[in-house]
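These are the residues of each chain, in order.
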Amino acid sequence: DGRIIEFNNAHEKITGQTRDEMIGQFVWDVQFQLSPNRGLVPEFRERQKRSLQLALETGHAPFLSQTQEVPFTHSDGSVRFLQQRSFSMQTKKGWRLGSISRDITERKRLEDELLRLATTDELTNLNNRRHFLTLAEQTLSRSRRYREPLALCMCDIDFFKNINDTFGHTIG
């Protein structure tokens, strides 16, 4: 009927929720409670419920057998990330759903840091040249596609290096 019937120690560590808190709750209610985006999409809970009910009735649903990266709110209030793969299995009592999850919060943090390093100038904290050119190309393409006017303002500071060398990078 969509209620949680098992919740292991590893899941307790990952989510901060205890087994006793989870057993007997509807899966869609737990997903809704743990979602950091729940306030952004009012119909989120109902959509999740319909999708899970379909999987419980038929053993098939779009999310089954797909690896997903899911943000969730840990019991301590922090937003973390799970890599999750759900599956269905036929039993004498009908279709059951299971999932295998692992905490990928640290990996996501490192990915974000790599993206920042790849796109940001460390001195100015602005987009670096490569990222600026990529964004400019996308903006120009969008302007052409929608036939919208486009303006570009560019500032060039002469002898910027001299400012940094004289007063330091913090002032420059």
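Model, not experiment: these values are computed from the prediction. Within every chain, residues take consecutive numbers counted from 1 along the sequence as written. In keeping with the predicted nature of the model, local features appear solely for residues at pLDDT of at least 70, side-chain atom pairs appear and are counted solely at 80 or more, and the whole-chain, interface and lining totals rest on all residues. Note that the side-chain values use all heavy atoms of the structure and ignore hydrogens as well as water.

**Q** Teacher, can you tell me more about the confidence of the model for the chain here?
**A** With 95% of its residues at a pLDDT of at least 70, the chain reaches an overall mean of 89. Looking at the elements of the chain, mean pLDDT is at its lowest for helix H7 (residues 160–167), recorded as 77, and at its highest for helix H5 (residues 105–119), recorded as 97. Confidence of the prediction at every residue is given by pLDDT, a number between 0 and 100. Numbering goes from the N terminus for both helices and strands, where a helix is a DSSP run of H or I of at least four residues and a strand is a run of E of at least two.

**Q** What is the right way to look at the nonpolar core in this model?
**A** Side chains of a nonpolar character, in soluble globular proteins, are inclined to be buried together. Residues belong to one nonpolar core when they are buried, are Ala, Val, Leu, Ile, Met, Phe, Trp, Tyr or Cys, and are joined through side-chain atoms within 4.5 Å. Burial classes follow relative accessibility: with a 1.4 Å probe on protein chains only, a residue under 20% of its type's maximum area counts as buried, one over 50% as exposed, and anything between as partly exposed. One finds Ile4, Phe7, Ile14, Met22, Val30, Leu34, Phe72 and Leu82 forming the largest nonpolar core, which totals eight residues. Here Ile4 is in contact with Met22, Ile23, Gly24, Gln25, Val27 and Val30, once residues within four sequence places are set aside. Counting residues in hydrophobic clusters, the runner-up holds six residues, among them Trp28, Leu52, Phe63 and Leu64. In this analysis, two residues are considered to be in contact whenever any of their non-hydrogen atoms come within 4.5 Å of each other.

**Q** How should the sheet that holds strand E1 (residues 67–73) be read in this particular structure?
**A** Across a sheet, strands are paired by hydrogen bonds formed along the backbone, either parallel or antiparallel in direction. Pairing in this open sheet of three strands is antiparallel, and the strands run E1-E2-E3 from one edge to the other. The open sheet has two free edges, formed respectively by E1 and strand E3 (94–103), since each of these has just one partner strand. Here the average twist between neighbouring strands, direction ignored, is 40 degrees. Sheet topology note: the strand E2 (residues 79–91)/E3 ladder contains ten bridges and is antiparallel. Within the sheet, the bridge partner assigned to Thr91 lies in E3 and is Gly94. What counts as an axis is a line fitted to C-alpha atoms, over the stretch in contact for a helix, and the angles between N-to-C directions run from 0 to 180 degrees. On the sheet, H5 packs against E1, E2 and E3 and is oriented at approximately 130 degrees with respect to E2. Between any two strands, pairing holds if DSSP finds at least two bridges.

**Q** Please clarify how the packing of aromatic side chains should be interpreted in this entry.
**A** The description of an aromatic ring pair rests on the distance of the ring centres and on the angle between the ring planes. Here the aromatic set is Phe, Tyr and Trp, taking the six-membered ring for Trp, and pairing holds for ring centres within 6.5 Å; pairs whose planes are under 30 degrees apart are stacked, those over 60 apart are edge-to-face, and all others are tilted. One pass over the full model with this rule turns up one aromatic pair. With centroids separated by 5.0 Å and ring planes inclined at 15 degrees, the aromatic side chains of Phe26 and Trp28 adopt a geometry described as stacked. Using a relative accessible area of 23% as the deciding quantity, one classes Phe26 as partly exposed. Placement of a charge over a ring requires the Lys NZ or Arg CZ to be within 6 Å of the ring centre, with the centre-to-atom vector within 35 degrees of the ring normal. Across the ring face of Phe81, the terminal group of Lys108 is positioned such that the distance to the ring centre comes to 5.4 Å.

**Q** Would you explain the pairing of E2 in this entry?
**A** Two faces make up the sheet, and in a regular strand the side chains alternate between them. When E1 meets E2, the two strands line up antiparallel, connected through seven bridges. Opposite Val70, over in E2, you have Leu82 as the bridge partner. Counted between consecutive antiparallel strands, the loop separating E1 from E2 contains five residues, among which Gly77 sits at a positive phi close to 95 degrees. Linking two consecutive strands that pair antiparallel, namely E2 and E3, is a turn of two residues.

**Q** Would you mind showing me how to read the pattern of salt bridges here?
**A** Pairing of side chains with opposite charge becomes possible as their charged atoms draw close. Counted as salt bridges are all cases of a side-chain nitrogen of Lys or Arg within 4 Å of a carboxyl oxygen of Asp or Glu. Here the structure, examined in full by the defined rule, presents nine salt bridges. A salt bridge links Asp76 to Arg80; the shortest N-O distance between them is 3.0 Å. Its salt-bridge partner being Arg109, residue Glu106 comes within 2.7 Å of it at the nearest N-O pair. Taken as a pair, Glu106 and Arg109 lie in helix H5 at a separation of three residues, close to a single helical turn. Each of Glu69, Arg107, Lys108 and Glu111 takes part in a single network of salt bridges with overlapping partners.

**Q** Honestly, the side chain of Asn128 in this entry has me stumped. Any pointers?
**A** Along the chain, the position of Asn128 falls in the loop between H5 and helix H6 (129–145). The exposure class assigned to Asn128 is buried, which follows from its relative accessible area of 15%. Contact partners of Asn128, with chain neighbours within four places excluded, come to Leu117, Ala118, Thr119, Thr120 and Asp121.

**Q** Before we go on, may I ask you to explain the packing of helix H3 (residues 27–34) against helix H4 (residues 44–58) in this structure?
**A** When two helices pack together, their arrangement is given by the angle between the helix axes and the distance between those axes. Put simply, H3 and H4 touch, their axes get as near as 9 Å, and they point 145 degrees apart. When the axes of H3 and H4 are compared, the crossing they make is right-handed. Residues Val27, Trp28, Asp29, Gln31 and Phe32 of H3 lie in contact with H4, whose contacting residues are Phe44, Arg45, Gln48, Lys49, Leu52 and Gln53. Left-handed describes a crossing in which the near helix is turned anticlockwise from the far one by less than a right angle; the clockwise case is right-handed.

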